[in-house]
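Letter by letter, the chains look like this.
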Amino acid sequence: MARVPHYSTVPSQESAGTDSVPHTVSDLSKPIHVKLPKRNPFMKSMFLGNVDTDLLSFPESLNREEQSRLEKHKEQVEMELKKDDSLSSARMGLFGLQGPLEHAGKQFTETEFAYVNELVSENHAQAMVMLEHNAIVKLISQHASDEAKECYLSRLCAGDIVSATALYEIQSPKHTMFSTVADLDVTTGKWTLNGSKVLIRNDESNPGLLLVVASTKTIDKLNKQEPTMAAFLVDANAPGVKITQSELGSNGLARVTVSFNQVEVSEANVVGTEHDGGVVLSKFLTASRIQSSVVRVCLLKKILNSLIEFSIHTKTSTGEVMDIEIVRDQLARMASLIYAAESLIYMTSSLVDDFEDQDVELEAAITKVFSTGNLLSLAALPLQLLGPQALSEKSNFEALYNDALKLFIGDESVDSVNFFIALTGLQYAGMHSYEMIKKDRNPAMNPSHVLSKLFEKTSIANPKKFVNLQQYFHPSLEPAAHWIEQSIVRLKLAAECVLSRHSAQVVERHVELARLANIATMIYAMTAGASRASRSYCIGLRHAAHEVHLANMYCREASEKVRLLAIELEQGPYITNDDDYNAIARSLFREKRYFFEHPITRNF
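First, a word on scope: everything that follows refers to the structure included in this document.

Reading guide: rules and limits
- Residues numbered from 1 in each chain as written.
- Predicted model: local features only at pLDDT ≥ 70, side-chain atom pairs only at ≥ 80, totals over all residues.
- Heavy atoms only, no water.
- Axes fitted to C-alpha atoms, helices over the stretch in contact; angles between N-to-C directions.
- Helix = DSSP H or I, 4+ residues; strand = E, 2+ residues; numbered from the N terminus.
- Parallel < 35°, antiparallel > 145°, perpendicular 65-115°, else oblique.
- Left-handed = near helix turned anticlockwise from the far one by under 90°.
- Contact = heavy atoms within 4.5 Å.
- Nonpolar A, V, L, I, M, F, W, Y, C, P; charged D, E, K, R; others polar.
- Expected span 1.5 Å × (residues − 1).
- Salt bridge = Lys/Arg side-chain N within 4 Å of Asp/Glu carboxyl O.
- Polar contact = N/O pair within 3.5 Å; in protein donor to acceptor, adjacent residues only side chain to side chain.
- Buried < 20%, exposed > 50% of the residue type's maximum accessible area, 1.4 Å probe, protein only.
- Core = buried A, V, L, I, M, F, W, Y, C linked by side-chain atoms within 4.5 Å.
- Patch = residues over 30% accessible without salt bridge, like charges linked within 9 Å, V, L, I, M, F, W, Y side chains within 5 Å.
- Areas by Shrake-Rupley, 256 points an atom, 1.4 Å probe, with all protein chains shown as cover.
- Phe/Tyr/Trp six-rings, centres within 6.5 Å; stacked < 30°, edge-to-face > 60°.
- Lys NZ or Arg CZ within 6 Å of the ring centre and 35° of its normal.

## Description of the packing of helix H4 (residues 124-143) against helix H6 (residues 277-313)
- Where H4 contacts H6, the axes come no closer than 10 Å and their chain directions differ by 155°. Judged by the inter-axis angle, H4 sits roughly antiparallel to H6. You can see that H4 and H6 cross each other, and the crossing is right-handed. Contact residues: H4 offers His124, Ala127, Met128, Leu131, Glu132, Ala135, Ile136, Leu139, Gln142 and His143, while H6 offers Val280, Lys283, Phe284, Ala287, Ser288, Gln291, Ser292, Val295, Arg296 and Leu299.
- Broken down by class, the residue content of the contact of H4 with H6 amounts to 11 nonpolar, 6 polar and 3 charged.

## Description of helix H18 (residues 578-591)
- Its 14 residues give H18 an end-to-end C-alpha distance of 20 Å, which sits within 8% of 20 Å, the value for a rise of 1.5 Å per residue.
- Looking at the residues trailing H18, positive phi occurs at Lys592, about 65°.

## Structural notes on the pattern of salt bridges
- In total, this model carries 24 salt bridges according to the counting rule given.
- Between Lys197 and Glu169 there is a salt bridge whose closest N-O contact spans 3.0 Å. Pair noted here: Lys197 is in strand S3 (residues 190-201) and Glu169 is in the loop between strand S1 (163-166) and strand S2 (181-185), with a separation of 28 residues, a long-range link.
- Two residues, Glu557 and Arg556, come together in a salt bridge whose shortest N-O distance is 3.9 Å.

## A look at the side chain of Thr372
- Mapped onto the elements of the fold, Thr372 is located in helix H8 (residues 361-373).
- Among the polar contacts made by the side chain of Thr372, one reaches the main-chain carbonyl oxygen of Lys368 at a distance of 2.8 Å.
- In this structure Thr372 touches Arg296, Phe408 and Val414, once residues within four positions along its chain are discounted.

## With respect to the side chain of Thr348
- Here Thr348 lies in helix H7 (residues 325-354).
- On the basis of relative accessibility, which here comes to 0%, the residue Thr348 falls in the buried class.
- Within polar-contact distance, the side chain of Thr348 engages the backbone oxygen of Leu344 at 2.7 Å.
- Leave out the neighbours within four places in its chain, and Thr348 touches Ile290, Glu363, Ala364, Thr367 and Tyr524.

## Points about the nonpolar core
- One finds Ile421 and Leu469 to be the most contacted residues of the largest nonpolar core, which totals 120 residues.
- The greatest single-element share of this core, amounting to 14 residues, is contributed by H7.
- Excluding residues within four positions of it along the chain, Ile421 makes contact with Phe47, Leu362, Ala365, Ile366, Val369, Ala517, Ala520 and Thr521.
- Counting 26 residues, the second-largest nonpolar core is a separate cluster that includes Leu139, Leu156, Leu281 and Ala287.

## Digging into a nonpolar patch on the surface
- Among the surface-exposed residues, Ile584, Leu588, Tyr594 and Phe596 lie close enough to one another that they form a single nonpolar patch of about 400 Å² accessible area.
- Among the structural elements, Phe596 can be located in the segment after H18.

## Some details on the packing of aromatic side chains
- For the coordinates displayed, the defined rule picks out 6 aromatic pairs.
- Judged by centre distance (6.0 Å) and plane angle (85°), the rings of Phe370 and Tyr554 are edge-to-face. With Phe370 in helix H8 and Tyr554 in helix H17 (residues 544-571), the pair connects residues that are 184 residues apart, well separated along the chain.
- Given the relative accessible area of 6%, Phe370 is considered buried.
- With centroids separated by 4.3 Å and ring planes inclined at 35°, the aromatic side chains of Phe595 and Phe596 adopt a geometry described as tilted.
- With a relative accessible area of 22%, Phe595 lands in the partly exposed category.
- Owing to a relative accessible area of 37%, Phe596 belongs among the partly exposed residues under this scheme.
- Taken together through their ring pairs, the aromatic side chains of Tyr594, Phe595 and Phe596 make up a single cluster.
- The residue whose ring lies beneath Arg289 is Phe420, and the NZ or CZ to ring-centre distance is 5.4 Å.

## So, the environment of Ala114
- With respect to the element layout, Ala114 can be found in helix H3 (residues 110-120).
- In this structure Ala114 comes out as buried when scored by relative accessible area, which is 0%.
- Taking the C-alpha atoms as reference points, Ala114 and Gln291, 177 residues apart in sequence, are found 6.0 Å from one another.
- Aside from chain neighbours lying at most four places away, what touches Ala114 is Gln291, Val294, Ile345 and Tyr346.

## Topic: the packing of H3 against H4
- At their nearest, the axes of H3 and H4 sit 10 Å apart, and the two run at 160° to each other. When the interaxial angle is binned, H3 and H4 end up roughly antiparallel. In terms of crossing hand, the pair formed by H3 and H4 is right-handed. Residue-level contacts link Glu110, Phe113, Asn117 and Val120 of H3 to Ala127, Met130, Leu131, Asn134 and Lys138 of H4.
- For the contact of H3 with H4, the per-class residue count stands at 5 nonpolar, 2 polar and 2 charged.

Spelled out as structure tokens, the structure:
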């Protein structure tokens, strides 16, 4: 049997024989989590058909001392919740989990924060506010000026101020990246903000501090090597700031509009420098996408557990619900999706924690898309299986579906994040395979290249192995490794096909971008799930054999979906239905309605 290599992302920093945290150890003595050197991007590299095999072993981000310290903190939070489950995040000390130690924070890594986040996710609104707040605290501690740190960090960690982000806008401007614009007065060194932002919240309290991303340059300067946006810390009670709430739908959501009218912001309140707006935005989105996925997965677990309990204790005329084959089939599928989503969260958070300045924006986006994309369909599963019985007073499925709807809406649409996934991967692939794409697009001038492509031994329909991934997983996961490797080859070939066909105009091919994003998302989920199952089996965790079944099951079904999507990408819009759908949609817009004749209409 081939030896499965075990790769730990944790440098050796454990005290000999340390299995628990001594009572004399305080938070201030907590050692810094040591990071390893930066590696090449994991998922971006897969668009080129490259796999960092060192990362195929599921990461063990925390050493024993860190694990013990985290378990101790978890017990404290659980005790507080048992005493009073209505306690605020501030009273439980949750607003300072990622704050620096010197400001009474806990300095949690993303892995530690995700673990504690699971405990408070029962209250979804509270959890979402808490994770957004902690992401801002972490950004301030890493990028803000010393003056801003002294002014805000202690109060933020204590929960005296609640922070929120002001990123999104209703209308897209023509001349700037954002309609909110910041102008610098070089004489006073102060910035002036004008514009408006929109926040979606299901928490009644208004934030006291806003992280605002605003444009600093017009569109005509986008091609120059100059900053076009910056991030600012803005007091919500400052002159010129106006916050208004309007109810959104019927599920307790509120759309909060924040208007800025000649709001003055000092240079000290710029997060990083005026050149760092893009970096700050990327880091915030990465952290919030990972942690919000924790809340969604916890809700999915609750739905699954409720459905299992209902099926066990409910009988039909032909027997118990749990004996119905379709119920068992759907519950198993749901479990495999939750397992994959949970694996994505902790694999991505470990990449953030364990490598210095690692590029994980693509992995974080995939994690959010996977957890969000399955949310409504899985929340509707009880309605699908049980019908009106799922809406009875004794069951809580309707309330769970409403919770899922709130978490599905969020601040970003799933489609926009999908486009980001596809375009980010294509941009990386294009930079590294520019010469080959150029030859593909000009076959008349490159006949030898065309001939070499004709005689290639691999294709989307019949991909060939290139690295034998089964040697990096436990032998029981050989089927999963086979399907993952085939899917990676198909991703590479599909990316080349799309770039060769459309080049820079690929940004307008939204349907093909969505297919490519779905392929990348499923490959990362397959990899994370198989990696986790392999680790569980190798170290002898309980139910590891079932984890292997879950991973193999998901990989088989996902690989078939990848195959079909890649074939559609290869065929193009005229062989598939893409062009027909486009023509029908244009007709609907032209007629401004569903205009087709009634089925019983006669013309004679």
